[in-house]
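Residues per chain are reported as follows:
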Amino acid sequence: MTDENKVETVGDGTVRDIAAELNIPVADLNDPYAVPALMPSSADKAIRSFEAGDFAVPTRKQDDWRFTPVDRITEFFDVFKPSGETTIEVSTIDGTELAADNVKLYQTAIGEAPSGTVSKPNDRVSAVEWQSGSTATVVELTGELAVPVLIKITGAGDELDALHLVIKADDKAHGDVIIEHTGHARLAEGVEITTGKDSHISTTFVQEWDKTSKHVGNHRIHVGEGASLRHSVVTLGGDVVRIRMDQDFGGPQGDLNMLGIYFVDPGQHIEHRTMVVHNHPECKSRVVYKGALDGKDAHSTWVGNALIEPTAPGTDSYELNRNLVLTPGAVADSEPNLEIENGNIVGAGHASSVGRFDDEELFYLQSRGIPETEARKLVVRGFFAELIEEIGIPSISEHLMTVIDRRLAKGESAAMAQVLEDK
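Parameters and conventions
- Residues numbered from 1 in each chain as written.
- Predicted model: local features only at pLDDT ≥ 70, side-chain atom pairs only at ≥ 80, totals over all residues.
- Heavy atoms only, no water.
- Phe/Tyr/Trp six-rings, centres within 6.5 Å; stacked < 30°, edge-to-face > 60°.
- Helix = DSSP H or I, 4+ residues; strand = E, 2+ residues; numbered from the N terminus.
- Buried < 20%, exposed > 50% of the residue type's maximum accessible area, 1.4 Å probe, protein only.
- Polar contact = N/O pair within 3.5 Å; in protein donor to acceptor, adjacent residues only side chain to side chain.
- Contact = heavy atoms within 4.5 Å.
- pLDDT = per-residue confidence, 0-100.
- Pairing = 2+ DSSP bridges.

Chemist: What's the story with the packing of aromatic side chains in this structure? I'm lost.
Modeler: Given two aromatic rings, their pairing is described by the distance between the two centres and the angle made by the two planes. The full count for this structure, using the stated rule, is three aromatic pairs. Summarising the aromatic geometry, the rings of F50 and W130 are spaced 4.6 Å apart at their centres and angled 35° between planes, so their arrangement reads as tilted. Highlighted residues: F50 in the loop between helix 2 (42-45) and strand 3 (87-92) and W130 in helix 3 (residues 124-132), separated in sequence by 80 residues. The partly exposed category is assigned to F50, whose relative accessible area is 21%. Relative accessible area serves as the criterion here: at 9%, W130 is assigned to the buried category. Judged by centre distance (5.1 Å) and plane angle (80°), the ring pair of F383 and F384 falls under edge-to-face.

Here it is as structure tokens:
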């Protein structure tokens, strides 16, 4: 071996290039993000495809499906012919006419822009929805909306159906969109949300399905440069509801706030999965999900993933999940995951908890003369109230608190019913 060519001949006559083998990337202290991470991230390894056949059929042995009762949603694993029975209506929340200058509503063929422009499906059920449907409903927002837009999605039967919704906000658009799901359905739903530069948008998805409904959903989200998005998900009904959300940023200084509320009754499975990808500098994300479980075999799952890529210095990220178990026999799975591929960040953290009533809170209230039953009621309502208020739309917040009060009041035990008696 010589210093000039830095090669050597081994015993079998093979020539090895020593320089090539030892060419390990070294970060530049002045530009630490010039060298990519040596280990692939979860986003690098994840399959993304519009073809259902590119994904394995889900089983409990797969990490993304280990908490899901896959045997209860097998009908969503293969491409099907949609019934077309699910209806979708778009209006303003107060019933006034949509402002033509601010809201544009139309349908387009699946695969025709703007559908299919926000990433690709990330699991088999999402790809099945894409391949099963033929049209997408598009809601485009421009300028400043004086009144929130209401999108009502109503299920109408047991037949399988597929629905694809695109919400597209132009640069500097300001507005609120509420998406309500009601009725009885077996629905595969795909949602694409894209927000333009310097826009400020809120989307609130409410699932109040009948108790035997099944809903598998995928939200693919792209937050523009300097834009802010408040993305809220409220799930209060359905036999099995599984919603996966995948997001990235389109430029620096994006701001994402993801809020989640869920209430799980006996035998129900409610699952939310969030994936936040910080791929641009100086972006901020907050993910806060809270749930309550009441009754035997009530099951919730929250899996929160956050990835901070080497290209995202100045990131500020945090995710939180809290679960309140109201009665024995309920199970809450909570799994926060955080991948950090650079060290020049403002902050990154996560937390999760599963528990019953906070004894210290109860003691504090009782020590000030509040009876135990009333104190317990205040704790339960307070658990949700702050997050509901953050949704920022008074009529929706009031409705949700009323629904939660009603759901809590029909607890299985007489003691719980007394705790949550009408105000």
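Chemist: Even after reading the chapter, I still don't get the side chain of H231, so can you show me in this structure?
Modeler: Residue placement: H231 occurs in strand 10 (residues 228-237). A polar contact of 3.0 Å, which involves the side chain of H231, links it to the side chain of H219. Sequence-distant contacts of H231, that is, excluding residues within four places in its chain, are made with I193, T203, F205, H219, I221, M245, N257, M258 and L259.

Chemist: Which parts of the structure should I look at to understand the confidence of the model for the chain?
Modeler: A low pLDDT means the predicted coordinates there should not be read in detail. Here the chain averages 88 in pLDDT, while 86% of its residues score no lower than 70. Low confidence marks residues 411-423, where pLDDT is under 50. Its contacts with residues over four positions away, or in another chain, come to 23 contacts.

Chemist: What exactly am I supposed to notice about the pairing of strand 7 (residues 174-195) here?
Modeler: When a strand is regular, its side chains alternate between the sheet's two faces. Summarising burial for strand 7: 18 of the 22 residues are buried, a large majority. As paired elements, strand 6 (residues 149-169) and strand 7 share 18 bridges and run parallel to each other. Bridge pairing in strand 7 links D161 to L187. With ten bridges connecting them, strand 7 and strand 8 (residues 200-209) associate as parallel partners. Its bridge partner being in strand 8, G183 is matched across the sheet by W209. Alignment of strand 7 against strand 9 (residues 214-223), held across ten bridges, turns out to be parallel. What sits directly across from E189, in strand 9, is G217.

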